[in-house]
Amino acid sequence: MLKNEGYETRINLRQLGIPTPRLVSISNDTIVEEYLEGGNLFRALSNGVLNSLAFQAGTLTGKLHKAGYVFIDNKSQNYLVTLDNLIVRTDLAFIQREDSIFSR
């Protein structure tokens, strides 16, 4: 799980067009990411914020699937919303290389 949260995974995701919070530090028991002030997608959608945010989350998930990966814990709370209404993926621990139709 730590490997998935690390710098290499974030670089690979960025190359796929999937933004993640900047990793400040990582150790065996602590992960520190940059703070994004906008909150998570679940809260934003519950408050009636732009539906385009859900579309952005779906687009990011589609990019990951096309590259042969899945987010095992793919829920709206794991997408952060920036103040500019952009979606950023967090909680990277459960990414798996699995391109079966069932997994996607």
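Structure's up top.
Presented here is an overview of the structure given in this document. (Residues numbered from 1 in each chain as written. Predicted model: local features only at pLDDT ≥ 70, side-chain atom pairs only at ≥ 80, totals over all residues. Heavy atoms only, no water.)

**So, the overall build of the protein**
Item 1. From N to C terminus, the protein includes 4 helices and 6 strands.
Item 2. For 104 residues, the compact-globule estimate of 2.2 N^0.38 gives 13 Å, and the C-alpha radius of gyration of the protein, at 13 Å, lies within 12% of that figure.
Item 3. With respect to the principal axes defined by its C-alpha atoms, the protein has extents near 35 × 35 × 20 Å.
Item 4. Of the contacts formed within the protein by residues at least 6 apart in sequence, a portion of 59% connects residues at least 24 apart. (Helix = DSSP H or I, 4+ residues; strand = E, 2+ residues; numbered from the N terminus. Rg over C-alpha atoms; globule rule 2.2 N^0.38 Å. Contact = heavy atoms within 4.5 Å.)

**Digging into the nonpolar core**
Item 1. In this structure, Leu13, Leu41, Leu53, Phe71, Tyr79, Val81 and Ile87 are the most contacted members of the largest nonpolar core, which totals 14 residues.
Item 2. Within the residue set of this core, elements represented by two or more residues are helix H3 (41–46), helix H4 (52–66) and strand S4 (79–81).
Item 3. Looking at this core, the element that brings in the most residues is H4, giving 4 residues.
Item 4. Filtering out sequence-adjacent residues up to four positions away, Ile87 remains in contact with Pro19, Leu41, Leu53, Gln56, Ala57, Leu60, Tyr79, Leu80 and Val81. (Core = buried A, V, L, I, M, F, W, Y, C linked by side-chain atoms within 4.5 Å. Buried < 20%, exposed > 50% of the residue type's maximum accessible area, 1.4 Å probe, protein only.)

**A short note on the packing of aromatic side chains**
Item 1. All told, the structure shown has 0 aromatic pairs when counted by the stated rule.
Item 2. Sitting over the face of the ring of Tyr69, Arg97 holds its NZ or CZ atom 4.8 Å from the ring centroid. (Phe/Tyr/Trp six-rings, centres within 6.5 Å; stacked < 30°, edge-to-face > 60°. Lys NZ or Arg CZ within 6 Å of the ring centre and 35° of its normal.)

**Focus on the environment of Leu60**
Item 1. Mapped onto the elements of the fold, Leu60 is located in helix H4.
Item 2. Leu60 sits in the buried class, given a relative accessible area of 7%.
Item 3. Considering only alpha carbons, one finds Leu60 and Arg10, 50 residues apart in sequence, at a separation of 14 Å.
Item 4. Ignoring any residue separated from it by four or fewer positions in sequence, one finds Leu60 in contact with Gly17, Ile18, Pro19, Tyr79 and Ile87.

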